[in-house]
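Topology and contacts: notes
Residues per chain are reported as follows:
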Amino acid sequence: MKRKIGDHIQMVEDMGLSVSFTTGNEAYLFCPFHPERRESMCVNLVRPVWHCFSCERGGSLKQLERMLDSMEEVEQVVIDDELDDESQANINAIANVTLDDFTGMDISDRIVYLQRRGFSRETIRKWGVRRTSLFAVIPVYWDNKLEGLILRSMIRNVKPKYQYQPKGVFHKNDNILVNPNFRVAGGMIVIVEGALDAMKVWQNGYENVCAILGSSISENQVKKIMRIAGSAMLLFDNDAAGYNAMRNVGVALSGMQLYVPRSSLYYSGDPAEMSSEELSEVMENRMSFLKARVSGVV
Ligand SMILES: [Zn+2]
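Nothing here was measured: the structure is a model prediction, and the numbers come from that model.

Observations concerning the overall build of the protein chain
Check the secondary structure of the protein chain and you find 11 helices and 15 strands. For 298 residues, the compact-globule formula gives about 19 Å, and the C-alpha radius of gyration of the protein chain, at 21 Å, lands near that figure. Relative to its 298 residues, the protein chain shows a buried fraction of 36%. Here the analysis covers contacts within the protein chain between residues at least 6 apart in sequence; of these, 54% occur between residues at least 24 apart.

Pasting the structure below:
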């Protein structure tokens, strides 16, 4: 069967990669296996093969898909074993990112790990996410000032999953992550636990969102939220711990109008995994926190 030109573009885009440009019989992309400033990966539009001129990886498109699929698994094998001192030191070194380091990092909206979890390039760009070899790095701004960085491990089983930088300067309990260009001024905000939850809720159409960077809330965080929002929807992970957190956070925020999901049946897992349909369903079926307390929902 003869393939149309363009199929190969579709194939690599289905793998979470994005073609930057085509020339002749070739499409050029940023190589997913390392950060780079210029596209050095090229996909042949006639034959299903690819090659990277920078790292010299290459092969068939089938192999590329397998490599992307096993990227996490391959690294997991290493991490699953007890980390030896050297690996742990390496991870700690990579996790040590200053604000200056961050400013100097390459900007790219192609972060395969996030794209494969359903984040669009626009979301990655708007939230200003950058990356190191092991972590997606999400900046936290408050009053237009860069306060700190959230490092989300892109490799399963690297613990902790989240790290906060600069160490000793940025404390997750003092800060919240708000959406880019947030303009809430008294409106409703969606409050979630994690940074990726916030990014996904934003991507799914609920612009005003903040993450409290964990499942508990501090006085400082309460103050910040009260300053930017008049009411809030609490949307935590759909498990016992999430509901427990929702109750505690609800009590701490009792000075404002609060909503929670009407029932845990309306959604599955955590907001980072939700489709936009699922999210609208939960948002439309919200109930007041007080009612939910009385009726035993939380
Ligand atoms: Zn490469």
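Still more ground to cover, so stick around.
Structural notes on the sheet that holds strand S2 (residues 26–29)
On the basis of which strands lie adjacent, the open sheet formed by five strands has the order S1-S2-S3-S4-S5 and antiparallel pairing. Because the sheet does not close on itself, it has two edges, and the strands there are strand S1 (19–23) and strand S5 (58–60). Adjacent strand axes in the sheet meet at a mean angle of 20° when their direction is disregarded. The sheet contact formed by S2 and strand S3 (residues 41–44) spans four bridges and is antiparallel. Paired with Ala 27 across the strands is Val 43, a residue of S3.

Comments concerning the domain arrangement of the protein chain
According to the domain assignment, the protein chain contains domain 1 (7–68), domain 2 (82–165) and domain 3 (171–298). Between domain 2 and domain 3, the contact holds 13 residues from the first and 10 residues from the second. The set of elements that each furnish at least two residues to the side of domain 2 that touches domain 3 consists of helix H6 (121–126), strand S7 (135–142) and strand S8 (145–153). With four residues, S8 is the single largest residue contributor to the side of domain 2 that touches domain 3. Each residue belonging to the side of domain 2 that touches domain 3 can be placed in one class, and the counts come to seven nonpolar, three polar and three charged.

Some thoughts on the nonpolar core
Formed by 62 residues in total, the largest nonpolar core has its most connected members in Leu 177, Ile 191, Ala 198, Cys 210 and Leu 234. Looking at this core element by element, the count peaks at six residues for helix H7 (residues 195–203). The two domains that each donate at least three residues to this core are domain 2 (82–165) and domain 3 (171–298). Ignoring anything within four residues of it in the chain, the contact list for Ile 191 reads Cys 210, Ile 212, Ile 225, Ala 232, Met 233, Leu 234 and Leu 235. Counting 14 residues, the second largest nonpolar core, distinct from the first, contains Val 12, Val 19, Phe 30 and Cys 31.

Conventions and cut-offs
Residues numbered from 1 in each chain as written. Predicted model: local features only at pLDDT ≥ 70, side-chain atom pairs only at ≥ 80, totals over all residues. Helix = DSSP H or I, 4+ residues; strand = E, 2+ residues; numbered from the N terminus. Rg over C-alpha atoms; globule rule 2.2 N^0.38 Å. Buried ≥ 20, exposed ≤ 12 C-beta atoms within 10 Å, placed from the backbone. Contact = placed C-beta atoms within 7 Å. Pairing = 2+ DSSP bridges. Axes fitted to C-alpha atoms, helices over the stretch in contact; angles between N-to-C directions. Domains from an automatic or database assignment. Nonpolar A, V, L, I, M, F, W, Y, C, P; charged D, E, K, R; others polar. Core = buried A, V, L, I, M, F, W, Y, C linked by C-beta atoms within 7 Å.

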